[in-house]
Amino acid sequence: MTGLPPVPGTRRAAVQRARTVLVAGVSGGTGTTTVAALLVDAAGARRGAVVQASDHSGGELASRLPRLDPASTRDAVHDAGAHVLPAAHLAAAPENALVVVGRASDEGAADAVAALDTAATADPSLPARTVVVLVDRTARGTAPDLGTLRARGVGAVVVLRRDPALGRPGRIDPGRFARATVEAAGAVLTALRW
């Protein structure tokens, strides 16, 4: 028993109502799992529900989530790892969205542009439903050039600043997040219309 409410209508209609946000990194180690865990927690808090969380091929998402409660909604966040094209194909359904994660640098922004171009091969309208999250791990903060990303028609670009609460291994602790982390998560959810 999953605790999910009953679904009226056909299975196809239920699938159309459910929404999945696919989080894909431009390469391994960019912070995709941490961003996915942050979005699961923030979306759940904003919506007053436990959002489903799923992970590509046995990754580490469960170990990053602040708690492991049964999902109470059919909406989901899926950590797709460094697999932008497969994630883009799954996100091509109009109710779904894509979050591309890269480094907060000019090179990371260029990698995100390449990922958007790849995603557009699955669905030309997908970049408009895509949020790019650039993860900044530097102590002083970086200011990457975002012009090329914005010129691609991306839904939003959010820079996630360095936060020791996210840098620790294991479960993230929302009670320790820096204000900038809370604001960045809120900006991503708003851009996703969640």
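Note that the coordinates shown come from a computational prediction; the quantities given were computed from them, not determined experimentally.

Basis of the calculations
Residues numbered from 1 in each chain as written. Predicted model: local features only at pLDDT ≥ 70, side-chain atom pairs only at ≥ 80, totals over all residues. Heavy atoms only, no water. Helix = DSSP H or I, 4+ residues; strand = E, 2+ residues; numbered from the N terminus. Buried < 20%, exposed > 50% of the residue type's maximum accessible area, 1.4 Å probe, protein only. Contact = heavy atoms within 4.5 Å. Core = buried A, V, L, I, M, F, W, Y, C linked by side-chain atoms within 4.5 Å. Pairing = 2+ DSSP bridges. Right-handed = clockwise from strand over helix to strand, strands pointing away.

### Some remarks on the environment of Arg-168
You can see Arg-168 is positioned in the loop between helix 7 (164–167) and helix 8 (179–191). Looking at Arg-168, the relative accessible area reads 37%, which means it is partly exposed. Dropping the residues within four chain positions of it, Arg-168 is found in contact with Arg-64 and Arg-176.

### A short note on the nonpolar core
Ranked by internal contacts, the top residues of the largest apolar core, which has 33 residues, are Val-23, Val-35 and Val-99. Listing elements by their share of this core, those giving two or more residues are strand 1 (20–25), helix 2 (32–47), strand 4 (97–103), strand 5 (130–135), strand 6 (156–160), helix 7 and helix 8. By residue number, the principal contributor to this core is helix 2, which donates eight residues. Residues Ala-87, Ala-91, Ala-104 and Ala-109 belong to the second largest nonpolar core, which totals 24 residues.

### Comments concerning unusual backbone geometry
A positive phi angle is found at Arg-193, which is not glycine, with a value near 60 degrees. Tracing the backbone shows Arg-193 in the segment after helix 8. Of the residues examined, Arg-193 reaches a relative accessible area of 76% and is grouped as exposed.

### Some words on the pairing of strand 5
Counting buried positions along strand 5 gives six out of six residues, so the element sits mostly inside the fold. Burial along strand 5 is two-sided: the face carrying Thr-130, Val-132 and Leu-134 and the face carrying Val-131, Val-133 and Val-135 are both buried. Sheet topology note: the strand 4/strand 5 ladder contains six bridges and is parallel. Opposite Val-101, over in strand 5, you have Val-133 as the bridge partner. In this fold, the crossover linking strand 4 to strand 5 by way of helix 5 (residues 106–122) has right-handed handedness. Bridge analysis of strand 5 against strand 6 gives five bridges, and the strand direction is parallel.

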